[in-house]
Structures are given as structure tokens and as C-alpha cells.
There are 4 protein chains.
Amino acid sequence: MMLRVGVIGTGMIGQDHIRRLTKVLSGVQVTAVTDIDLARAASAAPEGAQVFDTPNALIGSDSVDAVVICSWGPAHEEQLLACIAAGKPVFCEKPLVTSAEAALRVMEAECAFGRRLVQVGFMRRFDADYRRLKAVIDGGTLGLPLMYHSTHRNASVPPGLYTSEMPLNDTLVHDADISRWLLSDEVAGVEVRLPRKSRQGGELRDPHFVLLHMASGALVDVEISVNIAYGYDIRGEVSCETGIAALPNRPATVVTDANGYRQAIPEDWRERFIEAYDQEFREWIVAAVQGTATGPSTWDGYAATLVADAALRAVDSGVFEKITMRDKPALYGLPVSRAA
Amino acid sequence: MMLRVGVIGTGMIGQDHIRRLTKVLSGVQVTAVTDIDLARAASAAPEGAQVFDTPNALIGSDSVDAVVICSWGPAHEEQLLACIAAGKPVFCEKPLVTSAEAALRVMEAECAFGRRLVQVGFMRRFDADYRRLKAVIDGGTLGLPLMYHSTHRNASVPPGLYTSEMPLNDTLVHDADISRWLLSDEVAGVEVRLPRKSRQGGELRDPHFVLLHMASGALVDVEISVNIAYGYDIRGEVSCETGIAALPNRPATVVTDANGYRQAIPEDWRERFIEAYDQEFREWIVAAVQGTATGPSTWDGYAATLVADAALRAVDSGVFEKITMRDKPALYGLPVSRAA
Amino acid sequence: MMLRVGVIGTGMIGQDHIRRLTKVLSGVQVTAVTDIDLARAASAAPEGAQVFDTPNALIGSDSVDAVVICSWGPAHEEQLLACIAAGKPVFCEKPLVTSAEAALRVMEAECAFGRRLVQVGFMRRFDADYRRLKAVIDGGTLGLPLMYHSTHRNASVPPGLYTSEMPLNDTLVHDADISRWLLSDEVAGVEVRLPRKSRQGGELRDPHFVLLHMASGALVDVEISVNIAYGYDIRGEVSCETGIAALPNRPATVVTDANGYRQAIPEDWRERFIEAYDQEFREWIVAAVQGTATGPSTWDGYAATLVADAALRAVDSGVFEKITMRDKPALYGLPVSRAA
Amino acid sequence: MMLRVGVIGTGMIGQDHIRRLTKVLSGVQVTAVTDIDLARAASAAPEGAQVFDTPNALIGSDSVDAVVICSWGPAHEEQLLACIAAGKPVFCEKPLVTSAEAALRVMEAECAFGRRLVQVGFMRRFDADYRRLKAVIDGGTLGLPLMYHSTHRNASVPPGLYTSEMPLNDTLVHDADISRWLLSDEVAGVEVRLPRKSRQGGELRDPHFVLLHMASGALVDVEISVNIAYGYDIRGEVSCETGIAALPNRPATVVTDANGYRQAIPEDWRERFIEAYDQEFREWIVAAVQGTATGPSTWDGYAATLVADAALRAVDSGVFEKITMRDKPALYGLPVSRAA
């Protein structure tokens, strides 16, 4: 069966997903698009796709089996609720929603529907390096994970457009989600420390150093540097009881020349995670064809929102900001309880 | 347009390509299969595919736009000629054919047809690591390539089934093809040296050390070890005038434990080249939809056959075995002439 | 000129330094030894060396040009003061002394004497890897250092003998000293976080995660794991404004076998730092022959004591513990002021 | 006991060894020097050393316990024979002598004397990386060594002064000696292949690719590139029956910046082997004090001469050049017979 997909939002990321769904992946076709800018929607629409005036019209259309949401964050809640009301599987780019309350409303609707429909766009979980890393940890040969060192370095951000809150509510959510997933854990509290400021970003607050206190007691530290000039460098290292497991270098050609023995660093997130995005949608399609969703859930989007909120509070307070989650609905699996 | 593909030969590799064409790739469907064992063909046929009694019937069918040949080597020539006669694009697993004469006959037919139709299964050319390596060399910043060190290590081969000729006519062809491609060069002659024999393979002649003398004067040395126990380890390093470029470690998790600071080695060629196989077919499909072929050509299959033949002669003679190629038909591009 | 050295304390480390001074290094001879256990002193004394009954007798002897203190910490202050009173250069194993007040008294005496006489045993500063790392940072091509990630992993500690305070007052001092030296900075305050406890050490509190807030604003995080089983693994990575500089893997043979592509990890600090200890004494000898001292100073010993004290307080308080240092005497160089 | 050493030849390398013997190492003093240029000898002589008019006078002096020969190659034979006649241990820089016949004469004299006196300057055997590599191979866990890939890359050679024979009679000898030592084997024959010429060295024949056929059947391939611009890069990899052992990267700081993730390459042999030279003399001193020599022997110098001669013949002949050694005198240990 061919999955017929409607795409809401045809900006840069929406266009890239349309390319992916039409040129790269199998078993799927884009039959519908919409955007607040209908001309942009029309121009992004692949052959045979219908342009809808509104998200609701698209979601309700008989020619749409499943929905991809690439609109801006504040619009997500309403669109997600409409998808759930229509019983249609939906892939939603991060952020899931823009407040914990909104996340809870989506969660309630999905639970009431009784089957998972929502997958959130945390693509790192589909990256082969992270998956191998998780397999090593879950394998248990190194003992329990005690610390996770996460490093998030970005070459540059657009001056002016990128604000000092964004490292915490736009970037940190990836590290938080991958920490929860790698360690099979929840974030119980957040601290933020501000190291000496880099002069690379002008007035921008950069870098950030974040501590995520996990429910198990494991400690996650996150370096976030968004103007480090040299490239997009994502690192992760888990310290376990009897050994260490870490992401490897990216598989770049080993060149030896006047600059030494060296491997190139990815330029940006597109280069680094392109295969992960493909894989993310491959698995979404498999589940959507069966009328459901797997992968990062509404619960995970809710958790990410709580972490971002706590991190922003922690910048101001300078102290530990506790995170309290509601009870985990059975729809999203068992609560974590990584016993020793 | 959806490419309708017929698969000839439904053994292990044929089944894997059927899986790839039906589950992994887009824009393609398997509409026909055949095999000398029709029961096996029937069992391998995906939903909706027709089982043909003979390769010729499959090749001639209106429901087949393009053909994938996974039969055994001696059957390739006839099947390739039938595809060319039918004007249908064809992917042929290596070996293209089993003699230089047969390769020339296929070449003649394809040239008479006037458009490339054949792609040979040298999947390494589609591997991201090799592609990046070639990009560095072609970039020219390291000067001209002078030597290429190619290492081909295999964990084990089936005792009895794998003969002492196979490292040269089954394995070396990959190193020869990738050398020609990486260096944009041809093989002008071959020498083989037999190092101290490994006790891992019983009576089997192993390892082999091969020198490929390229037309440009560049020298390629190839270590072939087929019973090295620890894994499937493919390495390649190009020594240029002012620098070195080499394949990187595979992107395995970096584990530090009682066995040291380490990365796992692939178990076998499936693990190592799975993405390359996917990419190989992606590009084949793009060309086949347009009624032609790109990638490794009949000329490349011809060259590989000559190298394997020369290498087998060189084992017996102990000396340099010259390779003489026919003039290169324009269909296959310009003759190499990598000027200084 | 041959430097004549008296060694106080002939336990394990004292014996190792006697071996170093007699068998490895040039321009030096051990002419005197003493120990609280005189039989042990006699047995450790190299040929031609005199055994003294007391540290004071050894320090005062005409046959002793310079002194090496390897006694236990609480005895250091008196012995250091005696050396300074005698105007003799002295190498003192860490800890310099066991309280900030004692450090101030030694500092006062040395300043009153008017010339540096004391070198403290922070051997990491003499390690070639750390020296190259500092050269890169000081070179300035990567911009200012903003964060330093220091990792201190030890295979195991003796159960019972090693207490939960020791990671902070015995181990952390090395990370603190090397941080001050690498970054040309001072520690302005300390926080300690206790990650999930490892089951490797029974009741022992392990691991520790420490934050050193440097005067410049740079942030240092230190992972201390003392029962990690797999080896002695010292890592360090400096995040600067436009690049990263890190300690390399130790130069172990690259083995590829069934355990992967790998390099061994040092077993313990002796293996890791043996050359650093040699170099430490080489430079001490050069200065001592000239009647003075270079390398880690009384000031550095004082700073280390303050950090250890603050770290122990921070475990209990759970919050930032500020460090206040006295004005830096001119004898120890300019106060740090790493301007942008 | 203090070893009193006379140094013959005070050119660049002689001066460096005088520095080493006086400033770096213990248990040794330079009491005598000579040179064909007596003014140079006088200027190089350390405090307290006597300048002798002739090598023979220096060798015969009562103030000289052992001799270091750094004169030019053609003078070595006579000086070695004089040392042996005087029963004095002697360190001789490579080449031991300049012909196989001369080597045999020195060997005969040393055997007649009845005790080893000669150590040849193959410093790689004292390099920690090579020693660890040998330990892994000798440990036997990887099975027998079947191939050794040796890579010898030099940034540049002085145009005009450095001739096309020198890669074989000056450079290859190091690879040959280290191959014999690593594999506990002898060289039974040599082949030389000339890859495409680098344009870096003008008319100079460069690079060379050499095959050493070892007595055991193991095959050694050597890449020699002497004008590769980027640095001094010495690599070695042993392919064994069930695994691989290789020299690691040099322990340079890992820098990540706009040039990638990288480590610097040594500039030249001084930087690369400085510790090996020190260790070479440390061990020489220990043996010389006891009136004998260990380390690379006259036999090893003889073997190196045979390899260089055979390699030069092989360039002209283009074929395998067999090496025939005399029976190995018992003084130099058992003949190699690395049985399976």
C-alpha cells in the first residue's frame, strides 16, 4: 500500500521533507500540501499533489492518509489535535508544541483516541551512530551508565535572528531527548552554568553548560556552543561503571598533509544527519501505513518542553530547577525504572 | 515513472536485490523473476511478480523495462546479449562474463546498439568512503597519485568451496576496479607474490600480494587475506606527491574497556557495503528509467576480466604479466590520460 | 657540578625517586636518606649515601645541596621550613602541606628568604602531552579557552584504605593544578555534583563530578572515577572560541583482532606518567644546581589546598563554594589576568 | 662507575651525541674527541675533554673506556678494527661499513676477540612504539607475521646532494633492519619497483617501492618517499595470521579547527626519534661499562649492507636479487628459524 501524505508548511524544512518523500523513500507519495503562503505551497507541491487552503482541509481530505507538520511551533497544537480527531498518523517537526500545557492537551487527545498517532521529529534517535551507542549501553557489558557527556557545537548562527534563549529551547532539546533515550531515563532537574563568553557571537550568550539530573541519578553534562566557527560537531560519551562508550568520528577521508593527519568535520546539521532524517521517515511510513506511530512520542515532546522550560528558569535562578512530570500514560510505555 | 524490473537468478544475492528493490528503494517494482530452479523463483517472487520459465522469456516480456542478472557467471553472456538485443537496461552482478572474448562480444553488441545499457556490479564505487576518497584525489590538492595501497581482509572462506584461484578472480577484481576508478587509470600489467602461507586456511593459498602496474606509472599493491579471522577489513590509502588520503575507520562506537580503546570491525561484506548496494541500485534505476546505464560499464567488466586472467598467469610465471586492451570505444568515455 | 641530594621518606614513592636520581638522571647523586623507619632508610640508601637519624640532620648536612621530601603530608611543613631556613632547594611531593594556613606559613618563609626554593610534585605539568596541549592554547590560534573538560579515571582503589574524601583532596588537586596551568588562570570557586553511584567501589562515593569556576570565567568540569576497572585513563579537552584542543590517545600499538581496532589503556599512573616524573626531576636538578626552584611553586601548592578544601565543603553544602586567595607575592610571578 | 667516552667525528651527528652524553644521560662523560677538522673537534669538545690528533690515538688512550664513531662511512672499518684490537666497546653510527667484505672483516676480528664490542646505530630498535609493536608480535596472540608494510616518508631532501641511490643505501637500511628485528627474520632477497615519479624532487628517482623477501617467507613491502612535503611520517603495519599490529599516530595534540580533526606530523627524524637516540645510548652505556655491547650488532650491520647492495642491483636488473649470507657466528646469537 502506498501511503498518501499531506504536508503542512512548505518552508525550508517542509520542502526538504517533500523532496525526501518523493525522491528518496519508497511506499509513499505526497498528495497534498498547504502553507500560510499558498503561492509557496503551490510552488513546492510535487506533481499530482493538491494544494489545500487550510491545514484543516488538508487533514480532513480523503486523499490524505497521514500528515507531516512543518508549520511554525505555535500552530502545532491545533493541527495535531485535528489529526488526532481525524485518526490520522502525523509526523510533527519539533517543537511538538510550545508549552507543557499544550503538550498535555495533545497527550490527552491521543490517549482518548487510544492509539499512538504522533511522532515528533527527534531525528538523532534514527542516526546509526547513536543507535550503535545505545546498543552498547543497553548490552550491559559496561555496567550501568553513570554520566553522559554531550557536546553540541555549531559553526555559526544568524546574528540578530538567533537569540540567547535558543540554545536552551531550540538546541538543548535534542541533547535532552537523546539523553533520555540513550539512558532510558527521565530528566528530574536542570542546572545551567554560563562559562566565559565567546566573542564570536557578539552579544549572544554563548556557550552554555547544562547539567541534566536524571531520575536514576545519572548526570548529564551538555556543552552547547553555537558559534564555534570550525564546523558542526556533535559528540557524546557515556561513562559507565566499567567502561566508556562514545560516538565515533564521522567517516571522513583521512588526509595527511601540511595540516596534519586529519578528518574533516561536518559543515552543518544537514550534512551530519541527512541519513537520520531519511531513516526517521522510513520508520514513520511503516507505522503510518498501519495507522499508528512509533519513535519519539507525544510523551517525549512533553518531556522536551519541560526541560527547555526548566533550563530557561535555571539561567535566571542559577540553581537546580526541578522537573515534575505527570504520570506516564500506558500508551507511551512503562515508566523508566532502570534498576541496578 | 515506475521502473518495472525482471530479476534473473534468485539465489542469495538475487533474493537480497529483490528485497532491496521492493522494500528499500523507490520508483521501482519487481514484476518478473526467473531461475534455473523455478520453485526457488516462485518462492522469491514478490507479490504481483510473474515467474518466467526462461531468462529469454523474462527479458522479452512487455512487463519488464529493465533486467537484473544474478545468475551464475557462465550464463551472463547470453543473457546480456539478449538484453542488449531487446534494448533493455541491465544490471549484471560481477563477473560481467567469464572470459575476455565474451566481454568483447558484449561490448561489440552494446556499441552496435549505440547506447550504454549495461551496469556491472562493482558496488565499491557507490560506497561513501570511497567516493570521498576519490573526491580528495581528484581535487588535486595532494598532487598526483603515485601509489595506492589496497587491503582486502576477509574473516574466513568456506573450506573446500573456496579455491586458491578465487582471491585473484573473485576478490582481486574489486581492488582492480576500484584502483582504476580511484586513479582514473588502467592496469597495464600484474605481478603476484605469495607471502608466507597462513595456517588458517589449511591447504588454501593465502594471503596473496599483488602489484598492479597502472598505465600512468602509478603502482598499486594489494594485500588479499581471506582467512584472517578477526573480521572484514577493507582499507585503502593513496600516496600522492604531497600528501596521503585514506579510507577512515568504519563509524563504530568507540568503546573503552578492558580490551582497550576500540572500534568494532565489520563482520562481512554485507555489513560493510550494505549502503553501497542500495546506492548502486538507486543510480541504476535513475539511468534505467531513461533507457540507459551509468556507473561501471562493460568496459570496466572487460578490464576486470583481463586483470584476473593476468593475475592467474602471474602466479604461475612469477613475473610481470602485461595486459593489452583493445581500443576504448567512445561509448565508454575517453581513454585515461591523466597528464601531469 | 653534581647536585648532592638528600631524600626524606623512603616509602614507595621515595624509593622510586631514589631509583630515578641514581639510575635515570644525570648530574645528580643521592648522598643522604632518612625515614621514620631507619631500617627502611638504610635498605633504600644507594651506595655511598649516608643514613641520617632525622630530617633536620639531613637538611643541615654539608653533604646535601638539595632535598627531596617524600614523607607523609603532615610532616611537610616543618621539613619545608627547615629547608628554607637552610637556603636549600627542595622538591616536595604533593600535598605541599595539609592546610591553607600551613601553606601561607611556608609561603611567608620563602618570600622572606627572597628566592624560590620549593617545587611541588605536580608532575602532569612535565608530561609531553599536556605541554603540547598548553602550547596550542597559548598559541592563541583557537581563541580564548572557554571550557576545559578533564577526565580522571582510575582502575581501582584499595577498598577500606581509600576514603570518599580522597577523590577530592588527593585526586582533584591534579586536575585543579593542571587546569590553572593550562588556562593560566585561578580557581575562584567549586561545585561538586554526585552522579549515580558506581557499584564497583562498594560504599565508596564514586564517581564525582566537579565544576571549577575559573577567575576568567572559564568553566572546568572534572569527571573523577576511581574504580572504573578498565585502566588509568586521563583525558583533557579544551573548548576555545574557534576550536578544540585535546590530549591524544596514548601511543599504544594499534592492534586489530577479534576485539576490534584498538589501543591499550595504561594500567596505572606509573605507566602513564613515568616520563613526566623523569622530566620533573630533570628540571628540578637544573634549577637546584643554581640554588633555586622553578615549576609548580608554593603558590600552586597553596592554590591546590584551597581547591581541595572548597571541594570538600561543596560536597556537604551542595552549592558554589567561593575561594578567596591572598595577594600573590611577586616571587611567584604576576597574578593571572588573561585579557581578551 | 663512570664510563669515559671518546667521540670520533664531531659533525652534526657527533655534536648531537656529545650533547646527549653530557647533558642528557647519566653514568657517562666525554673525555676525548677527534675529527679530521681539529678546530671543529676543539670547538665541540665539552669541558675537560682532550682533543686527539687521530682516531688511533683516541682509541688507544687510557682515558677512553669506550668509543663513539661518527666519522664518515669509509673511515669506519679501520676505526672499528682499532677499537676491537684495543678491546674497547664501540658505538658506530650507520653505515657500519661500506661493503660486505669490510663487514666480514670486522665480524672476523670481533669473533676472534670473543666478545661483542660493536653496536651499530639502528636507533629505531630503541623507539618505544617499535618495541611495543615487537612485543605484540612476539606475544604470538595474532599468529605468525606474514607481511609487513613499512612506510618511510620524508618531507624533503637537499636537491643536488641527495642522489637517487640514497633511498636504497641510506634510507632502506632502516626499514630492512627493523623488518629483520620485528620479524626475527633475515632478508633472503630484494625486488625494487619504481612507481610513477614524483615531481617534487626534480630529477631525483622518487618514490621507491621495495619488496624484501624474508627467509621465513614473510613478505615486506617498503614505500620510500623522500620529498613528500608534509612531514616525516614513519608507519609500520604487520599482518599476522589472525590480526594486525601497527605503529600508532604520534602523540600530538588533537586539534579540531577549520582544518578538521587532526594531529600534527613530525617535521623530521630528529623530532620523531629523539627519545630513541637517548635510549639507544642508555643501553649502550650499560653494556659498555661491562666491557661489551648489546643491541644491533656487526651481524646486523652486515645484513643491512647486503640488503642495500641487493636493492641497488635490483633497480638495474628489475628482478629478484638473492641475498646469500655467511653462516651466523655464535657470537651473534642463533640463526633465525621462526618455526610455525
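Here the residue index of a chain counts from 1 through its sequence in written order. Chains carry letters from A onward and ligands carry numbers from 1 onward, assigned in written order. In keeping with the predicted nature of the model, local features appear solely for residues at pLDDT of at least 70, side-chain atom pairs appear and are counted solely at 80 or more, and the whole-chain, interface and lining totals rest on all residues. Note: side-chain values were computed over all heavy atoms of the structure, leaving out hydrogens and water.

The name given to chain A in an unreviewed UniProt entry is Inositol 2-dehydrogenase, and the organism recorded there is Pseudooceanicola albus. UniProt positions are given in the numbering used here, feature names are shortened, and annotations may be inferred rather than shown by experiment. As its UniProt record puts it under Sequence similarities (unreviewed entry), chain A is described as follows: "Belongs to the Gfo/Idh/MocA family." Recorded in UniProt under Function (unreviewed entry), the annotation for chain A is "Involved in the oxidation of myo-inositol (MI) to 2-keto-myo-inositol (2KMI or 2-inosose)."

Engineer: Where do I start with the relation of the copies chain C and chain B in this structure?
Structural biologist: Copy-to-copy superposition: least squares on the C-alpha atoms, limited to residues that have pLDDT of at least 70 in both copies. Note on the identical chains: chain C maps onto chain B by a rotation of 180° and an axial translation of 0.0 Å, with an RMSD of 0.0 Å. Considering both components of the superposition, the chain copies are consistent with a two-fold axis. Among all C-alpha atoms of chain C, that of C:R262 lies closest to the rotation axis, at 2.0 Å. Contacts: residue pairs with any heavy atoms within 4.5 Å of one another. Most of the interface of chain C is mirrored in chain B, where 100% of its interface residues again form contacts.

Engineer: Looking at this structure, how should I read the confidence of the model for chain A?
Structural biologist: In low-pLDDT segments, the atomic positions of the prediction should not be examined closely. Per-residue confidence from the predictor is reported as pLDDT, which spans 0 to 100. Mean pLDDT for chain A: 96, with 99% of residues reaching 70 or above. Note on the complex model: pTM 0.95, ipTM 0.94.

Engineer: What am I meant to see in the packing of aromatic side chains here?
Structural biologist: What characterises a pair of aromatic rings is the spacing of the ring centres plus the angle enclosed by the ring planes. Between 30 and 60 degrees the pair is tilted, below 30 it is stacked and above 60 it is edge-to-face, where a pair is any two Phe, Tyr or Trp rings, Trp via its six-membered ring, whose centres lie within 6.5 Å. The full count for this structure, using the stated rule, is 24 aromatic pairs over all chains. Ring centres of A:F281 and A:W284 lie 5.9 Å apart, and the angle between their planes is 80°; this geometry places the pair in the edge-to-face category. A residue pair is termed a helical-turn pair when its members lie 3 or 4 positions apart in one helix, as A:F281 and A:W284 do in helix α8 (residues 269-289) at three residues. Accessibility classification places A:F281 together with A:W284 in one group, the buried group. One aromatic cluster in this structure is built from A:F91, A:F281 and A:W284. If you follow B:K134 out to its NZ or CZ, it ends over the ring of B:W181, 5.3 Å from the centre. Ring-over charges, as used throughout, are those where CZ of Arg or NZ of Lys falls within 6 Å of the ring centre and within 35 degrees of the ring normal. One Lys or Arg, B:R272, reaches over the ring of B:F273 and ends 4.4 Å from the middle of that ring. The helix and strand labels rest on DSSP assignments: H or I over at least four residues marks a helix, E over at least two residues marks a strand, and numbering proceeds from the N terminus. Only protein chains enter the area calculation, which uses a 1.4 Å probe; residues under 20% of their type maximum are buried, those over 50% are exposed, and those in between are partly exposed.

Engineer: Mind showing me how you'd approach the UniProt feature "domain: GFO/IDH/MocA-like oxidoreductase" (unreviewed entry) in chain A here?
Structural biologist: The feature "domain: GFO/IDH/MocA-like oxidoreductase" (unreviewed entry), as given by UniProt, occupies residues 130-244 of chain A in the numbering adopted here. Helix makes up 24% of residues 130-244 of chain A and strand 34%. Its end C-alpha atoms lie 14 Å apart.

Engineer: What's the story with the side chain of C:R153 in this structure? I'm lost.
Structural biologist: Looking at the element boundaries, C:R153 is found in strand β7 (residues 145-153). For C:R153, a relative accessible area of 1% puts it in the buried group. Any pair of nitrogen or oxygen atoms within 3.5 Å is treated as a polar contact; in protein, a donor-acceptor pairing is required on top of that, and neighbouring residues in sequence qualify only through side-chain atoms on both sides. One polar contact links C:R153 to A:E237, side chain to side chain, over a distance of 3.1 Å. Excluding anything up to four places from it in sequence, C:R153 contacts A:H149, A:E237, A:S239, A:I244, C:E223, C:S225, C:I228, C:Y230, C:G231, C:Y232, C:D233 and C:I234.

Engineer: Help me out: how do you make sense of the pattern of salt bridges in this one?
Structural biologist: Oppositely charged side chains can pair when the atoms bearing their charge come close. Residues and elements named next belong to chain B. Throughout this description, the term salt bridge denotes a Lys or Arg side-chain nitrogen within 4 Å of a carboxyl oxygen of Asp or Glu. This model, assessed by the stated rule, comprises 116 salt bridges over all chains. When the shortest N-O distance is used, the salt bridge between R313 and E321 registers 3.1 Å. By relative accessible area, which is 38% here, R313 ends up partly exposed. Since its relative accessible area comes to 14%, E321 is described here as buried.

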